[in-house]
Amino acid sequence: MDLSYSPEERAFQREVRGWLARSMPKREPDERPLDFHDPRRIARGKAWQRKLYEAGYVAMGWPRDYGGQGADVMRQTIVNEEMVRVRAPGLIGLMGIQMVGPTLIAHGTEEQRRRHLPPILTAEEIWCQGYSEPGSGSDLASLRTSAELRGDEFVVNGQKVWTSNAQFADWIFCLVRTDPDAPKHRGISYLLIDMKSPGITVRPLVQMTGDAGFNEVFFEDVHVPRANLVGGLNDGWTIANATLFHERNMLGSTTRTQQVLQGLLSLARAHGRAGRPASADPAIRRRLADLAIRVETMKLEAYRQLTDTLRGRSPGIAASVSKLVTTELNHDLAEAALDILGSYGPLARGNRRARDGGTWPVDFMFTLGLIIGGGTSQIQKNIIAERGLAMPRELRA
Amino acid sequence: MIDFGLSDDQQALQRAAREFLAAECPPSLVRDTAKQPDGVPRALYAKMVELGWMGLAVPEAQNGLGLDTLALALVLEELGRVAAPGPFLSTQLVIAALVRAGTVAQRREWLGRLLSGHAFGSLAYLEESDRHDPAGIALRARRTRGGYALTGSKLFVLDAPGADLFLVAARTRPGSGAAGVSLFLVARETAGVRVRPEETIDLTRRVGELTLRDVTLPATALLGGEDKGWRLLERLLDLGAVGIAADSLGGAERALAMAVEYSKTREQFGRKIGSFQALKHMAAEMVAEVEPARSLVWYAAYAFDHRPREHARAASVAKARLGDVYARTARRAVEMHGGIGFTWEHDLHLWFKRARWNRVAFGDPDHHRERLATIDRY
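Residues numbered from 1 in each chain as written. Chains lettered and ligands numbered in written order. Predicted model: local features only at pLDDT ≥ 70, side-chain atom pairs only at ≥ 80, totals over all residues.

Participant: What's the story with the overall build of chain A in this structure? I'm lost.
Facilitator: Assigned secondary structure in chain A consists of eleven helices and ten strands. Relative to its length of 397 residues, chain A is compact, with a C-alpha radius of gyration of 22 Å against a globular reference of 21 Å. Taken over the C-alpha atoms alone, chain A extends approximately 75 × 50 × 50 Å along its principal axes. For chain A, the residues scored as buried account for 43% of the 397 residues in total. Long-range pairs, those at least 24 residues apart, make up 71% of the contacts in chain A with a sequence separation of at least 6. (Helix = DSSP H or I, 4+ residues; strand = E, 2+ residues; numbered from the N terminus. Rg over C-alpha atoms; globule rule 2.2 N^0.38 Å. Buried ≥ 20, exposed ≤ 12 C-beta atoms within 10 Å, placed from the backbone. Contact = placed C-beta atoms within 7 Å.)

Laid out in structure tokens, this is it:
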């Protein structure tokens, strides 16, 4: 066990720290990851990712041929840590970088990688995920959006739902049914679809927060070149699971959680309750400490998983545990903030008396969405029990 | 390069300890030991001595194995897994005190006996106030011509019934602050020393009251500087906290494993109860708490040796979390067993009850949360 950085790593850390100090954009008063609706925010988000990429700090572990640096995981870890420290904004192209990118590196064709990976890094092309359908949520494999192979093209018909970022995404990675007669897991394929294709309609869905962060996406005779198939025909479920694994890792990341904890502690010091700072109240102190301990647990757990990765060990169900624990924790942090704020808690964005720009109640709602998205907490528990503990599987239709 | 994992040697130690204890410390031994007055399973401890465990974290120059606190934590985790009885952790604390602050003469008198299992140690610091801070140390140590005279009572003294040597925290200067706390080595056979075992619900551990009535000690019984004992005591309490956290991790893993195992064999409604989501989700929640908590134990043990500015914080974080996690896991494990889990005959209550003592030993979760809040300047 060694938790210290080598001299080279420390030098790199200083370099990143210096770069961030010079280059951080002005903080937005209202800032949530994965939730872009205002075109100016989208432009700013793309510019920020591009800047980070040009500095060499995005997806550093990707192979050089596709715009990465083939760097070891440590360097990316250092960048992530430094970004947490200064509460830097997140990446707008996160779903490309963390979900479809790694999937293409593992399962894509050479042509797909060369075509799609570089613009993911530069934020020139933003991706969204076409998984859930109105009739297929937790039972994802029952999905019905069809893709019929006609010559060199698929013709796609159907509907996706809860599609975050579809309103400005350039591409969608999509699960479609290519064999309606096969058992449900064996008739699915994984397609990359250009969002500008004729026949695609995006209709915004307003979330509980009041933002239109996700959408319905309709496909009506959408033509997709066969070359956009990832993996084999009808072999999409395997690929989908690879992406789901990356999604759990993304949602289970503590990067943002650590930032939110710092914000919560600042709030508790600044906001008065019963004539003293909330942070002086013994019950609040204990609650904050408990949250801090849970954050620390997941931060250290990420180091343990990082070490396992570096040692080439299979992560098992660790990603499901992280997704389950971290999304619940994010929600609990926001709830603690609301409780500390008392009557100030429910004040909406834009209210002049709202603290921290009224972001806490929005965060409280937004984080509940992340408990449900990417496989609900209940689905993660099924995975942990059945794959991790080998408890008897549920009978499934 | 960050390497937050066990080395090959550490994994080998862990495996060896697990296999050894599975064979040598079955629940039947835990139950038998509960009937003995001193609570020390002598045959088991003789074998642990042979393995060098008493001196695991003692420098080789002082006849130990020269390993670190992480290695000690790995062994404690395995001891917790089998709910091992006996004064292992308490003796480790007294050994650590001697190694860190003992004079040559003190070490010569006691270290050999403690390492060879001919004597066991116990740390006596709590009193009626049940405070884990300097204000909790009220027992007076008066200066006499040749040394000190101690009068008063220590309560909740872990492993007192089987101990031969007590490390006693006393006040050499009136007040309630850290200054004025001193530590004394008190042999059990000293005149005026009385040990009265306390009954607790935990069958796997022993605690007792230590009464000192005009106990006369030579000046050489003082361990470390006069009035300056708090710093060492705090370090020992942190080591105790890390040790109990490690024990709790092992215990929680065991309780979880027992519950999962049972759910795969017991049938109701014509199917294995482990196929019901109600139980699956309970088990998954246990995993989601227990697995990541391992990182806290590792880090606290690592920090104890390598991160002097962070070790107190890390110990509090680990102790607070594992205190909660072990108690919750054991409780859920009983529930997953249904009626059989509530019986005296089934072994699960050994862990369920140990979890209650682990929760309070060396400071309960609230104590450590408040300590963290203070360290982090909330």
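Participant: Explain the overall build of chain B here, please?
Facilitator: Summing up its helical and strand segments, chain B has eleven helices and ten strands in all. Taken over the C-alpha trace, chain B has a radius of gyration of 21 Å; the compact-globule value for 378 residues is 21 Å, and the two agree within 12%. Taking the principal axes of the C-alpha coordinates as reference, chain B spans close to 80 × 50 × 40 Å. By the burial criterion, 55% of the 378 residues in chain B qualify as buried. Intrachain contacts of chain B at a sequence separation of at least 6 include 75% that bridge at least 24 residues.

Participant: Is there a simple way to explain the domain arrangement of chain B in this structure?
Facilitator: Interfaces are often sized by the accessible area lost when the parts come together. All names here are of chain B. The domains assigned to chain B are domain 1 (8-120), domain 2 (122-227) and domain 3 (231-375). On a C-alpha basis, the centres of domain 2 and domain 3 stand 29 Å from each other. Each partner contributes to the interface: domain 2 provides 14 residues, whereas domain 3 provides twelve residues. Its residues assigned to classes, the side of domain 2 that touches domain 3 shows eight nonpolar, four polar and two charged. (Domains from an automatic or database assignment. Nonpolar A, V, L, I, M, F, W, Y, C, P; charged D, E, K, R; others polar.)

Participant: Please explain the packing of helix H3 (residues 73-85) of chain A against helix H7 (residues 255-270) of chain A as it appears in this structure.
Facilitator: When two helices pack together, their arrangement is given by the angle between the helix axes and the distance between those axes. Residues and elements named next belong to chain A. Contact pair H3 / H7: the axes reach a minimum separation of 9 Å and the direction vectors enclose 20°. Of the possible angle classes, the one that applies to H3 and H7 is roughly parallel. Where H3 crosses over H7, the handedness of that crossing is right-handed. Contacts between H3 and H7 involve Asn-80, Met-83 and Val-84 from the first element and Thr-255, Gln-258 and Gln-259 from the second. Considering only residue class, the contact of H3 with H7 consists of two nonpolar, four polar and no charged. (Axes fitted to C-alpha atoms, helices over the stretch in contact; angles between N-to-C directions. Parallel < 35°, antiparallel > 145°, perpendicular 65-115°, else oblique. Left-handed = near helix turned anticlockwise from the far one by under 90°.)

Participant: Mind showing me how you'd approach helix H10 (residues 359-372) of chain A here?
Facilitator: Residue and element names in this part refer to chain A. Over its 14 residues, H10 runs 20 Å from end to end, which matches the ideal 20 Å to within 8%, given 1.5 Å per residue. The set of residues buried in H10 consists of Thr-359, Trp-360, Pro-361, Val-362, Asp-363, Phe-364, Phe-366, Thr-367 and Gly-369. Buried residues along H10 sit in contact with helix H9 (318-341). Gly-374 sits one or two positions beyond H10 and adopts a positive phi of about 70°. (Expected span 1.5 Å × (residues − 1).)

Participant: Looking at this structure, how should I read H7 of chain A?
Facilitator: Each α-helix turn comprises 3.6 residues. Residues three or four places apart therefore point the same way. With 16 residues, H7 of chain A should reach 22 Å at 1.5 Å per residue; the first-to-last C-alpha distance of 23 Å fits that figure. The inward-facing, buried residues of H7 of chain A contact H3, strand S10 (276-277), helix H8 (282-310) and H9 of chain A.

Participant: Would you mind going over the confidence of the model for chain B with me for this structure?
Facilitator: Low-pLDDT stretches of the model should not have their predicted coordinates read in fine detail. Considering every residue of chain B, the mean pLDDT works out to 97; 100% of them sit at 70 or more. Interface confidence in the predicted complex, given as ipTM, is 0.96; pTM for the same model is 0.94. (pLDDT = per-residue confidence, 0-100.)

Participant: When you look at the domain arrangement of chain A in this model, what are you seeing that I'm missing?
Facilitator: Residue and element names in this part refer to chain A. Taken as a whole, chain A is organised into domain 1 (7-92), domain 2 (127-235) and domain 3 (252-388). Centre-to-centre, using C-alpha coordinates, domain 1 lies 22 Å away from domain 3. Among the residues making up the side of domain 1 that touches domain 3, the classes are represented as five nonpolar, three polar and four charged.

Participant: Can you help me understand the interface of chain B and chain A in this one?
Facilitator: Listed per partner, the contact involves 37 residues of chain B and 39 residues of chain A. Elements that contribute at least two residues to the side of chain B that touches chain A include exactly helix H7 (230-265), helix H8 (277-306), helix H9 (311-337) and helix H11 (365-375) of chain B. When residues in the side of chain B that touches chain A are grouped by element, the largest group, 15 residues, is from H8 of chain B. The residue inventory of the side of chain B that touches chain A, partitioned by class, reads 19 nonpolar, seven polar and eleven charged.

Participant: How do you make sense of the nonpolar core when you look at a structure like this?
Facilitator: Nonpolar side chains in soluble globular proteins tend to end up buried together. Ala-97, Phe-184, Val-242, Val-297, Ala-300 and Ala-318 of chain B are the most contacted members of the largest nonpolar core, which totals 171 residues. When residues no more than four places from it in sequence are discounted, the contact partners of Val-297 of chain B are Ala-73, Ala-245, Ala-246, Leu-249, Ala-318 and Leu-322 of chain B. Counting 59 residues, the second-largest nonpolar core is a separate cluster that includes Ala-59, Val-156, Leu-175 and Leu-251 of chain A. (Core = buried A, V, L, I, M, F, W, Y, C linked by C-beta atoms within 7 Å.)

Participant: Can you help me understand the environment of Phe-245 of chain A in this one?
Facilitator: For Phe-245 of chain A, the location among the structural elements is in helix H6 (residues 236-251). Residues Phe-245 of chain A and Gly-342 of chain A lie 97 residues apart in sequence; the distance between their C-alpha atoms is 38 Å.

Participant: What is the right way to look at the pairing of strand S7 (residues 207-218) of chain B in this model?
Facilitator: As a general feature of sheets, a regular strand has side chains that alternate between the two faces. All names here are of chain B. Two strands pair when backbone bridges link them, and strand S3 (residues 147-158) and S7 are joined in this way by nine bridges, in the antiparallel orientation. Residue pairing for S7: Lys-154 is matched across the bridge by Leu-210. Note: strand S6 (residues 193-198) against S7, six bridges, orientation antiparallel. Across the sheet, residue Arg-194 finds its bridge partner in S7, namely Thr-211. (Pairing = 2+ DSSP bridges.)

Participant: Before we go on, may I ask you to explain unusual backbone geometry in this structure?
Facilitator: In terms of backbone geometry, most residues other than glycine have negative phi values and most peptide bonds are trans. At Asn-165 of chain A, a position not held by glycine, the phi torsion is positive, near 70°. Unlike most non-glycine residues, Phe-362 of chain B shows phi in positive territory, near 60°. Summarising the element assignment, Phe-362 of chain B is placed in the loop between helix H10 (348-360) and H11.

Participant: Help me understand the environment of Arg-75 of chain A in this model?
Facilitator: All names here are of chain A. Relative to the assigned elements, Arg-75 resides in helix H3. Look at Arg-75 and you get partly exposed, because 19 C-beta atoms sit within 10 Å. When the C-alpha positions of Arg-75 and Pro-63 are compared, they lie 14 Å apart, and in sequence the two are twelve residues distant. The residues touching Arg-75, leaving out its near neighbours within four places in the chain, are Phe-12 and Met-60.

Participant: For this particular structure, what's the right way to read the packing of H8 of chain A against H11 of chain B?
Facilitator: Two numbers describe how H8 of chain A lies on H11 of chain B: the axes approach to 8 Å, and their chain directions differ by 85°. The angle between H8 of chain A and H11 of chain B places the two elements in the roughly perpendicular class. Two secondary-structure elements touch here, H8 of chain A through Arg-285, Arg-286, Leu-288, Ala-289, Asp-290, Ala-292 and Ile-293 of chain A and H11 of chain B through Asp-366, Arg-369, Glu-370, Leu-372 and Ala-373 of chain B. Of the residues in the contact of H8 of chain A with H11 of chain B, the class split is six nonpolar, no polar and six charged.

Participant: I would appreciate a short explanation of the environment of Tyr-53 of chain A in the present structure.
Facilitator: All names here are of chain A. As for its position among the elements, Tyr-53 is in helix H2 (residues 39-54). Residue class for Tyr-53 comes out buried when judged on the 22 C-beta atoms lying within 10 Å of it. A sequence separation of 69 residues divides Tyr-53 from Thr-122, and the C-alpha atoms of the two residues are 6.2 Å apart. Each residue touching Tyr-53, except ones within four places of it in the same chain, is listed here: Val-58, Leu-121 and Thr-122.

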